[in-house]
Amino acid sequence: MLRFLKTTVLGGILFLLPIVIFIAVIGKALQITSKFAVPIAGLLGADKIVGVAVAELLAIALLVLICFIAGLAAKTQWAKKFVQSLETNILEKIPVYELLKTKTQSALSFEETEGMCPVAARFDDSWQLAFEVERIEGGKVVLFVPGAPDPWSGSVCVVTKDRITPLDLTVKSTVNLMKRLGKGTTAALPNLKGLGNASA
């Protein structure tokens, strides 16, 4: 019972922590943009009552615009180098940052999985869930082997095509299996016994 309470409380903390930090950051950002939005609302001639609502809407719009511009800047080479340097020297020393980064990447990384196919890859006497990235000359296949419970912290390897078996799974369902540490694999893949006889 004590162990159940402990793991449940810790799980709740890990679940709420990034949400609380996200809300705090957005709240602080809105406070900053509000300082610019209030004068703009005054220039638009809004009265005190309507002006509050207008200022809040302008603050949100300014925040979205800033995030959009930052997103465009983030695609440039100099910005990538700056962020990498910032992460290496400062941010990676903050444990919460890595947690938030992982959560954010998990939400955004599905765009990068287009064209990737879930497969079972044979390594010695075991099989691993993986994604087929592309095929290269000589009958070789490039695989991304996801980690668990963070599917985006895996590794890339090259194997021969006879060592992989396509799976009747979507990328999303495969990612969810990894997040659940494999729980639900039997239901998702009822024909696991046939892997040993299958080939790509």
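Look up a bit, the structure's there.
One structure accompanies this document, and this report is about it.

### Observations concerning the side chain of Glu132
- Assignment of secondary structure puts Glu132 in strand E2 (residues 126–136).
- Residue classification places Glu132 among the buried positions, given a relative accessible area of 14%.
- In terms of polar contacts, Glu132 uses its side chain to reach the side chain of Arg135, at 2.9 Å.

### Structural notes on a nonpolar patch on the surface
- A grouping of Leu16, Ile19, Val20, Phe22 and Ile23 is seen on the molecular surface, where their side chains present a nonpolar patch of about 480 Å² in accessible area.
- Counting through the fold element by element, Phe22 comes out in helix H1 (residues 2–43).
- By relative accessible area, which is 53% here, Phe22 ends up exposed.

### Quick notes on the nonpolar core
- Residues Val119, Ala121, Ala130, Val141, Leu143, Val145, Cys157, Val159 and Ile164 constitute the largest nonpolar core, which totals 9 residues.
- Contributing elements (two or more residues each) for this core: strand E1 (117–123), strand E3 (140–145) and strand E4 (155–160).
- Here this core gets 3 residues from one element, more than from any other, and that element is E3.
- Other than its neighbours up to four places away in sequence, Val119 contacts Gln128, Leu129, Ala130, Phe131, Glu132, Leu143, Ile164, Thr165, Pro166 and Leu167.
- Membership of the second largest hydrophobic core comes to 7 residues, among which are Ala120, Leu167, Leu169 and Leu177.

### Details of the pairing of E1
- The pairing of E1 with E2 spans 7 bridges and is classified as antiparallel. Looking at E2, one finds that Ala120 is bridged to Leu129.
- The turn linking E1 back onto E2 is made up of 2 residues, and Asp124 within it adopts a positive phi angle of 55 degrees.
- Sheet analysis places E1 next to strand E5 (residues 164–166), joined by 3 bridges and oriented antiparallel. Within the sheet, the bridge partner assigned to Val119 lies in E5 and is Pro166.

### Observations regarding the sheet that holds E2
- Strand order in the open sheet made by the 5 strands is E4-E3-E2-E1-E5, with antiparallel pairing throughout. The strands lining the two open edges of the sheet, one partner per strand, are E4 and E5. In this sheet, adjacent strand axes meet at a mean angle of 45 degrees when their direction is disregarded.

### With respect to helix H5 (residues 171–179)
- Val171, Thr174, Val175, Leu177 and Met178 are the residues of H5 that are buried. Down the axis of H5, the buried set is contained in an arc of 155 degrees. They therefore lie on one face.
- Buried residues along H5 sit in contact with E1, E2 and helix H6 (185–188).
- Looking one or two residues beyond H5, the residue adopting positive phi is Leu181, at roughly 60 degrees.

The rules behind the values
Residues numbered from 1 in each chain as written. Predicted model: local features only at pLDDT ≥ 70, side-chain atom pairs only at ≥ 80, totals over all residues. Heavy atoms only, no water. Helix = DSSP H or I, 4+ residues; strand = E, 2+ residues; numbered from the N terminus. Buried < 20%, exposed > 50% of the residue type's maximum accessible area, 1.4 Å probe, protein only. Polar contact = N/O pair within 3.5 Å; in protein donor to acceptor, adjacent residues only side chain to side chain. Patch = residues over 30% accessible without salt bridge, like charges linked within 9 Å, V, L, I, M, F, W, Y side chains within 5 Å. Areas by Shrake-Rupley, 256 points an atom, 1.4 Å probe, with all protein chains shown as cover. Salt bridge = Lys/Arg side-chain N within 4 Å of Asp/Glu carboxyl O. Core = buried A, V, L, I, M, F, W, Y, C linked by side-chain atoms within 4.5 Å. Contact = heavy atoms within 4.5 Å. Pairing = 2+ DSSP bridges. Axes fitted to C-alpha atoms, helices over the stretch in contact; angles between N-to-C directions. Arc of directions from axis to C-beta.

Purely geometric stuff here, so don't read any function into it on its own.
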